[in-house]
Amino acid sequence: KNTGQVTARAALDGILSNCVVPTDFEFYTDIVGTRTGVDWSRMNPVKALLADETGFCARWGAQLVRDDWDVYCLSKAGLDRGIRIEYAKNLTGVDCSESIEDVYTRIIPVGETKTGGELLLSGTIWVDSPLFDKYSAPRVYCLKCKDAKESSSVSKTLARSRMREQALAMFEAGCDKPAISVSVDFVNLGETAEYAQYRSLESVFLYDTVHVIHPK
């Protein structure tokens, strides 16, 4: 558990060094930047890595590749090999959905005063997303901020600065963007008898970027 600013490297080291049972796993990452506060107390280390919202990969935007005992948490693990999936070639179906259920464009960060009351930003008490005008109405979220309690060592100015940083971090993480889900059915032409000679030209691996051409 860490309530301050945590780097990706420190977070991964924290998971390994605090396992109850030592293992031969090694973690590697190329991710820079920090997140405010992590709490994986009494948690399975796999869940600490992969939990949907609180895990390392979700919070740092990592793509995980495992090679035996070596675990790589990378900012981008795949390649763009120029693979195109399109009608009249190899595309057989597309199912696309968009959800704004968990989209927030206005965040009200809330800290804590010395006496335990709510501490809000001075003046305008909210922080708006750069995409605020893209939606027909504000989508408001009240953020209970961590490490933002006024004390003898933390001034109101510092607490409010941390509150604003945490609100902006939510926007950076994409809370103001809709969730897009695309499921594509296609035929791998290299596995057909007619195109067997082209098999090596259209190899697709985990995390690779592919271009789906869907005119509709």
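(A) Just the overall build of the protein, in detail. Counting its regular elements, the protein contains 4 helices and 13 strands. Relative to the compact-globule value of 17 Å for 216 residues, the protein shows a C-alpha radius of gyration of 22 Å, a clear excess of over 25%. Per-residue burial for the protein yields a buried fraction of 27% across its 216 residues. Accessible surface, the protein: about 14200 Å² in total, of which carbon and sulfur atoms supply 51%. Measuring between centres, the 25 positive side-chain charges of the protein sit 8 Å from its 30 negative side-chain charges.

(B) Inspection of empty space enclosed by the protein at higher detail. Inspection of every chain in the model, using the stated rule, returns 1 cavity of 30 Å³ or more. Considering only enclosed or pocket space, the largest cavity measures out at about 30 Å³ in volume. Ile83, Asn90, Phe186, Val187, Asn188, Leu189, Glu202 and Val204 together form the lining of the largest cavity. In terms of residue class, the lining of the largest cavity is built from 5 nonpolar, 2 polar and 1 charged.

(C) Spatial organisation of the sheet that holds strand β2 (residues 26-29). With mixed pairing, 3 strands are arranged side by side in an open sheet as β2-β5-β4. Edge strands, defined here as strands with exactly one partner in the open sheet, are β2 and β4 (63-67). When the angles between neighbouring strand axes are averaged without regard to direction, this sheet yields 20 degrees. Relative to strand β5 (residues 70-74), β2 runs parallel, the two being bridged by 4 bridges. In the strand pairing of β5, Glu26 is matched with Asp70.

(D) Just helix α1 (residues 8-17), in detail. Along α1, the residues classified as buried are Ala8, Ala11, Leu12 and Ile15. Down the axis of α1, the buried set is contained in an arc of 95 degrees. They therefore lie on one face. Against β1 (2-7), β2, α2 (45-50), α3 (56-60) and β5 lie the buried residues of α1.

(E) Spotlight on the environment of Phe27. Tracing the chain through its elements places Phe27 in strand β2. The exposure class of Phe27 is buried, given its relative accessible area of 7%. Distance in space between the C-alpha atoms of Phe27 and Trp69 is 8.7 Å, their sequence separation being 42 residues. Dropping the residues within four chain positions of it, Phe27 is found in contact with Arg9, Leu12, Ile15, Leu16, Leu49 and Val71.

(F) Up close: a negative patch on the surface. A cluster of like negative charges, contributed by Asp52, Glu53, Glu101 and Asp102, occupies part of the molecular surface. Among the structural elements, Asp102 can be located in the loop between β7 (91-99) and β8 (106-112). With a relative accessible area of 56%, Asp102 lands in the exposed category.

(G) How the structure looks around the layout of surface pockets. By volume, the largest pocket is sized at about 1400 Å³. Taken together, 35 residues make up the lining of the largest pocket; nearest its centre are Glu53, Arg59, Ala169, Met170 and Ala173. Elements represented by at least two residues in the lining of the largest pocket include exactly β3 (34-38), α3, β11 (140-149) and α4 (156-172). Partitioned by chemical class, the residues of the lining of the largest pocket number 15 nonpolar, 8 polar and 12 charged. A volume near 460 Å³ is recorded for the second largest pocket. Counting only elements with at least two residues in the lining of the second largest pocket, the list comes to β1, α1 and α2. Take the lining of the second largest pocket: its biggest share by element is 4 residues, from α1.

The rules behind each value
- Residues numbered from 1 in each chain as written.
- Predicted model: local features only at pLDDT ≥ 70, side-chain atom pairs only at ≥ 80, totals over all residues.
- Heavy atoms only, no water.
- Helix = DSSP H or I, 4+ residues; strand = E, 2+ residues; numbered from the N terminus.
- Rg over C-alpha atoms; globule rule 2.2 N^0.38 Å.
- Buried < 20%, exposed > 50% of the residue type's maximum accessible area, 1.4 Å probe, protein only.
- Areas by Shrake-Rupley, 256 points an atom, 1.4 Å probe, with all protein chains shown as cover.
- Lys, Arg positive; Asp, Glu negative; His and termini not counted.
- Charge placed at Lys NZ, Arg CZ, Asp CG, Glu CD.
- 1 Å grid on protein atoms, 1.4 Å probe; cavity = no way out; pocket = protein on both sides within 12 Å on 5 of 7 lines; lining within 4 Å.
- Points joined across faces, edges and corners; volume = space filled by probe spheres on them.
- Nonpolar A, V, L, I, M, F, W, Y, C, P; charged D, E, K, R; others polar.
- Pairing = 2+ DSSP bridges.
- Axes fitted to C-alpha atoms, helices over the stretch in contact; angles between N-to-C directions.
- Arc of directions from axis to C-beta.
- Contact = heavy atoms within 4.5 Å.
- Patch = residues over 30% accessible without salt bridge, like charges linked within 9 Å, V, L, I, M, F, W, Y side chains within 5 Å.
- Salt bridge = Lys/Arg side-chain N within 4 Å of Asp/Glu carboxyl O.

It is worth stressing that arrangement in space is one thing and function is another; only the former is reported here.
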